[in-house]
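# Chain and residue survey
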Amino acid sequence: MADLAAALGPGGAREEPLELAMYGKDAGVTRGRPGAVCFPRDAAGVAGAVRIARRHGVPIVPRGSGTGLAGGATPADGALVVSTTRLNRILAVDEHERTAWVEPGVLNLDLTRAVAHLGLHYAPDPSSQQACSIGGNVATNAGGPHCLASGVTSAHVLALDVVLPDGAEVRLGGLEPDTAGYDLRGCFVGSEGTMGIATRVAVRLSPDPPAVSTLLLEFASLDAAAATVGAVIAEGIVPAALEMMDAEITRAVEDYVGAGFPRDAAAILLVELDGRPGSVAADTAAVGELGRAHGARRVRVAADEAERALLWKGRKSAFGAIARIAPDYYLHDAVVPRTRLVDVLRTVYDVADTHALTMMNVFHAGDGNLHPLIVFDASEPGIWDRVASAGDAILRACIAAGGVLSGEHGIGLEKRDHMPLIFGPDDLAAQAGLRAAFDPDGRANPGKVLPEGSRCGEIAGAPEGTWI
Amino acid sequence: MDLSTPSDLDELRDTIVAADTVDPTGAGTHAEVGGTPRGGRAVRVPAGVVAHDPGDLTVTVRAGTPVRDLDALLAEHGQMCALDPTDGSATVGGVLATGLSGWRRLRYGPVRDQVLEVRFVTADGTLVKGGGPTVKNVSGFDLPRLLVGSLGTLGVIVQATLRARPRPRGAAWATADGPPSGILARLHRPSCVTWDGSTVHVLAEGHPADVEAELDAAELTAAAGGPARPAGEHRGRISVRPRVIEPVAAELRRAGIAFLAEVGVGTVDVAGDDPSALVAARAVAEAHGGRLLRVAGAPGLDAFGTPPPGVEVMRRIKAAFDPDGRMAPGRMPFVEAAPAGAVAR
């Protein structure tokens, strides 16, 4: 502490019990207890804190806004939490090149607001975008509804200045399109704090589309909604966003924000199309027709920007809305091949029934990214075991359908022990080898992403049966 | 050179484990990129489509599949992969290993953004899978991006799952007189904009109405096709930040070096009949904070020029996957182990 206080100045490091408790978790369900938390103001401060932790043999845990859901920012006991909240400056914006250098503590939506007057925006838009930070987005490789067409964070990060776990500062990637050697930038994005701490991030900004159209389609069955999703993709239309909400969450949201959603639909689709006016008009008509052909009982096209904003407010308020139903929720994140959506959704509802739990679904249907949401009251005895068991069953069902563990939230602590469901020992050993190349001593966010025992160099296990 | 063409995984493993050194090989269209291999057993993996479900917008192929064949298969379903190698006989594995992006990077992103899952065999014969088969996935560390551009130095890529996209319903090349200043601001989502010192070429793709609107907005003249990449025995690719592309192009022009710049991307293909052209082009690139990758010819010229930052981390990655330096020695030489004791393990 004395070293940190000397390096970071008054208020730069804290260890009050209440504060430590606050920094012991993120927005997920896991908890730890850090030894101290520090708030550097610049790259030198971050490097100093990392070196001090190293000297004292203490692990470091980088932390953005703490909105992560997978426990990535949950510290190992006694760790030094390095908060990036004071690294919050937008350093440079190049409107012609459509790039910006920002510090990691800049909030996602603040960046988009800061470049809006230039006709630009930052494309990844997690539902938490008012609160989550660019650094946290980098760590989790965060997504959002508009990543259907434009890809998740890694496709929007060009370069990173990072402090490695040994305290060295290095640039990964660059504003030039190709850098020499391995794509360390690509490795770092999504590394959940296990490869160091970013102190400056160069992001790609996207031009605002000349035209946008947002449709609300109402269905009497989930199957009809899912069939419409498939039909839109089959037609060769990749919307900017393609979201589905089931009856329960749609009602909850409508009660909460009054977005004009139908209270009696079995499912709704929110479809956004963007581009030049010609294609937007044609695709809007096509999506409407496809919806009706697959049983949509009503198709509404937002008449103006206000109506469009209200529809999105409804979608992004889902997690606020459920607070009115039960005090606690557990939000999952898994991806299945789009063609398996209906089958998997049925299993997900069955799992909820057999565990006697209330389940709602609001998700990125266009890319098969499911977000089953279990709502419950944690004070009910034995409930947590049921919630955890249901979560495990849902993940297994997604993987059995050819899916993966996470589409945008990351693995963190929450799903670490599920990694062997999709990766064999050799696959995990290779990932451990990559991580160790950045952090040979295992000091950066230890215990995350990879299950215990994933060791570089341990070559074990039978080959997968198929050729390649 | 010995060429092995193993037909199954066991044979590939046996070949790799038995060889002194291994030179992963595709169609040989870019055999000199990233350094000249120091011999070794050339290994070429099989071709073939493993899975394609058009509704999932993914396709899984063996790495030896020629991009041309993949493209033909996807075209039957109205789809495509945005790999776009300069030569369609290039293999998927080769395109991934070299990491050279194609014509339409401006719109669809670099090669690394097209890869969802990759399987590769390391020096000790281990099959490793990285990434996953779905269009969206952040489970675990990003081995696919690590492998793209790794030039065979980490292992032999044997299979990849790629992002498939709907084929654009309309596409048109058009031209304008240069220079290209300001043209990007008038276009919405062009697929490609090039500048060769005299003519700007633009590729617009999408809904036919949009294609027409794009060309109108930038006052372009319809063209029969795209530009030619510069020809010459000695070829390189410059990478600079997009904002300096015009000054770089102007200097290349003054130096008499044939070039084709991708506006908005920052790559510039250069070529000459004498190796000195690449030396001069590299000097231009580095003066503007960029670099030049030797693509072919100029055997005396270092493949990369100044080693990148983070080379210590890269060496440790190389050591983790290939501790004895048996995979593609000679390519990406700066990741190879320094003499004994000099590299921290």
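Thresholds applied
Residues numbered from 1 in each chain as written. Chains lettered and ligands numbered in written order. Predicted model: local features only at pLDDT ≥ 70, side-chain atom pairs only at ≥ 80, totals over all residues. Heavy atoms only, no water. Domains from an automatic or database assignment. Contact = heavy atoms within 4.5 Å. Buried area = accessible area lost by both parts, 1.4 Å probe. Salt bridge = Lys/Arg side-chain N within 4 Å of Asp/Glu carboxyl O. Polar contact = N/O pair within 3.5 Å; in protein donor to acceptor, adjacent residues only side chain to side chain. Nonpolar A, V, L, I, M, F, W, Y, C, P; charged D, E, K, R; others polar. Helix = DSSP H or I, 4+ residues; strand = E, 2+ residues; numbered from the N terminus. Buried < 20%, exposed > 50% of the residue type's maximum accessible area, 1.4 Å probe, protein only. Arc of directions from axis to C-beta. Phe/Tyr/Trp six-rings, centres within 6.5 Å; stacked < 30°, edge-to-face > 60°. Core = buried A, V, L, I, M, F, W, Y, C linked by side-chain atoms within 4.5 Å. Lys, Arg positive; Asp, Glu negative; His and termini not counted. Pairing = 2+ DSSP bridges. Axes fitted to C-alpha atoms, helices over the stretch in contact; angles between N-to-C directions. 1 Å grid on protein atoms, 1.4 Å probe; cavity = no way out; pocket = protein on both sides within 12 Å on 5 of 7 lines; lining within 4 Å. Points joined across faces, edges and corners; volume = space filled by probe spheres on them.

## Quick word on the domain arrangement of chain A
All names here are of chain A. By domain assignment, chain A separates into domain 1 (2-83), domain 2 (90-207), domain 3 (211-320) and domain 4 (326-400). Each of domain 2 and domain 3 was reduced to a C-alpha centroid, and the two centroids are 29 Å apart. At the interface, eight residues of domain 2 touch 11 residues of domain 3. Between domain 2 and domain 3, roughly 750 Å² of surface is buried when both sides are summed, and carbon and sulfur atoms account for 59% of that area. Applying the counting rule to domain 2 against domain 3 returns one salt bridge. We note a salt bridge from Lys 316 to Asp 125, for which the minimum N-O separation is 3.3 Å. Taken together, the links from domain 2 to domain 3 amount to three residue pairs in polar contact (both at pLDDT 80 or more). Of the residues contributing to the side of domain 2 that touches domain 3, the split by class is four nonpolar, three polar and one charged.

## A word on the environment of Gly325(B)
Looking at the element boundaries, Gly325(B) is found in the segment after helix 10 (311-321). Along the chain, Gly325(B) and Val240(B) lie 85 residues apart, while their C-alpha atoms are 31 Å from each other.

## What to know about helix 1 (residues 9-18) of chain B
Residue and element names in this part refer to chain B. Leu 9, Leu 12, Arg 13, Thr 15 and Ile 16 are the residues of helix 1 that are buried. Viewed along the axis of helix 1, the buried residues span an arc of 165°, placing them on a single side of the element. For helix 1, the exposed residues lying more than 90 degrees away from the buried face are Asp 14 and Ala 18. Against strand 1 (3-4), strand 2 (22-24), strand 3 (41-43), strand 7 (115-121), strand 8 (127-131) and strand 9 (156-163) lie the buried residues of helix 1. You can read the cap of helix 1 off the contacts: a side-chain oxygen lies 3.2 Å from the backbone nitrogen of Asp 10, and it is on Asp 8.

## Some thoughts on the packing of aromatic side chains
Aromatic ring pairs are described here by two measures, namely the spacing of the ring centres and the angle between the planes. Residue and element names in this part refer to chain B. All chains considered together, the criterion is met by six aromatic pairs over all chains. Ring geometry for Phe 120 versus Phe 321: centroids 6.1 Å apart, planes at 40°, classification tilted. Taken together, the residues span a long stretch of sequence, with Phe 120 in strand 7 and Phe 321 in helix 10 at a distance of 201 residues. Residues Phe 120 and Phe 321 agree in their burial class; the two are buried.

## Overview of the pattern of salt bridges
All names here are of chain B. For the structure on display, the rule yields 46 salt bridges over all chains. Between Asp 10 and Arg 13 there is a salt bridge; the shortest N-O distance is 3.7 Å. A residue pair is termed a helical-turn pair when its members lie 3 or 4 positions apart in one helix, as Asp 10 and Arg 13 do in helix 1 at three residues. Taking the relative accessible area as the measure of exposure, Asp 10 reaches 49% and is therefore partly exposed. As a salt-bridge pair, Asp 71 and Arg 167 come within 3.2 Å of each other at their nearest N and O atoms.

## Section: the nonpolar core
Soluble globular proteins tend to pack their nonpolar side chains together in the buried interior. In terms of nonpolar packing, the biggest core is built from 143 residues, with Leu160(A), Phe438(A), Leu146(B), Leu162(B) and Ile317(B) touching the most fellow members. Not counting residues within four places of it along the chain, the set of residues in contact with Leu146(B) comprises Tyr182(A), Cys187(A), Leu434(A), Leu154(B), Ile317(B) and Phe321(B).

## Things to note about the side chain of Glu176(A)
Here Glu176(A) lies in the loop between strand 9 (169-173) and helix 7 (184-188). An unpaired buried charge is present at Glu176(A): no salt bridge exists, and Arg291(B), the closest side chain of opposite charge, is 5.8 Å distant. The residues touching Glu176(A), leaving out its near neighbours within four places in the chain, are Ser239(B), Val240(B), Arg241(B) and Gly289(B).

## Considerations on the sheet that holds strand 18 (residues 358-363) of chain A
Backbone hydrogen bonds are what pair the strands of a sheet, in a parallel or an antiparallel way. Residue and element names in this part refer to chain A. Read across the open sheet, the seven strands follow the order 15-12-14-13-18-20-16; overall the sheet is antiparallel. The sheet is open, and its two borders are formed by strand 15 (296-301) and strand 16 (328-331), each paired with just one other strand. Averaged over all adjacent pairs, the angle separating strand axes in this sheet is 20°, with direction ignored. The strands touched by helix 10 (residues 277-293) are strand 12 (211-219), strand 14 (267-275) and strand 15; relative to strand 12, the strand with the most contacts, the crossing angle is about 5°. Where helix 13 (residues 341-354) meets the sheet, its contacts fall on strand 13 (241-246), strand 18 and strand 20 (372-376), and the angle it forms with strand 18 comes to roughly 155°.

## Overview of empty space enclosed by the protein
Residues and elements named next belong to chain B. What the rule picks out here adds up to one cavity of 30 Å³ or more. Space inside the largest cavity adds up to approximately 30 Å³. Taken together, Ala 82, Leu 83, Asp 84, Ser 101, Gly 102, Arg 104, Arg 105, Tyr 108, Gly 109, Pro 110 and Val 111 make up the full set of residues lining the largest cavity. Here the residues of the lining of the largest cavity are counted per class, giving five nonpolar, three polar and three charged.

## As for the interface of chain B and chain A
If you look at the interface, chain B gives 80 residues, while chain A gives 84 residues. Each partner contributes to the roughly 6,600 Å² buried at the junction of chain B and chain A, and carbon and sulfur atoms together form 60% of this total. If you sort the residues of chain B by the area they bury against chain A, Lys136(B), Val138(B) and Phe141(B) come out on top, with a joint share of 15%. At the junction of chain B with chain A, the criterion picks out eight salt bridges. Residues Glu408(A) and Lys136(B) are paired through a salt bridge, measuring 2.8 Å at the closest nitrogen-oxygen approach. Linking chain B with chain A are 26 residue pairs in polar contact (both at pLDDT 80 or more). Those elements giving two or more residues to the side of chain B that touches chain A turn out to be helix 1, strand 8, helix 5 (143-147), strand 9, helix 6 (183-186), helix 7 (208-217), strand 15 (234-239) and helix 10 of chain B.

## Brief notes about the domain arrangement of chain B
All names here are of chain B. You can read the domains of chain B as domain 1 (3-166), domain 2 (170-223) and domain 3 (234-296). Here the C-alpha centre of domain 3 lies 22 Å away from the C-alpha centre of domain 2. At the junction of the two partners, domain 2 supplies nine residues and domain 3 supplies nine residues. Together domain 2 and domain 3 conceal approximately 820 Å² of surface at their shared face, both sides included; 61% is due to carbon and sulfur atoms. Linking domain 2 to domain 3 there are four residue pairs in polar contact (both at pLDDT 80 or more). Ranked by the residues each element gives to the side of domain 2 that touches domain 3, the list is headed by strand 12 (residues 192-195), at three residues. Of the residues that constitute the side of domain 2 that touches domain 3, the class distribution is five nonpolar, three polar and one charged.

## Re the pairing of strand 3 (residues 60-63) of chain A
Note on strand geometry: in a regular strand, side chains alternate between the two faces of the sheet. Residues and elements named next belong to chain A. Residues of strand 3 alternate between two faces, with Ile 60 and Pro 62 on one and Val 61 and Arg 63 on the opposite face, all of them buried. In this structure, strand 3 lies alongside strand 4 (residues 80-83), joined through four bridges in parallel fashion. Each residue of the ladder has a partner; that of Arg 63, found in strand 4, is Ser 83.

## Observations concerning the sheet that holds strand 1 (residues 13-14) of chain A
All names here are of chain A. Taken in spatial order, the four strands make up an open sheet running 1-2-4-3, and their pairing is mixed. Looking at the sheet topology across the chains shown, the edges are occupied by strand 1 and strand 3. Alignment of strand 2 (residues 36-38) against strand 4, held across three bridges, turns out to be parallel. Looking across to strand 4, one finds that Val 37 is bridged to Val 81.

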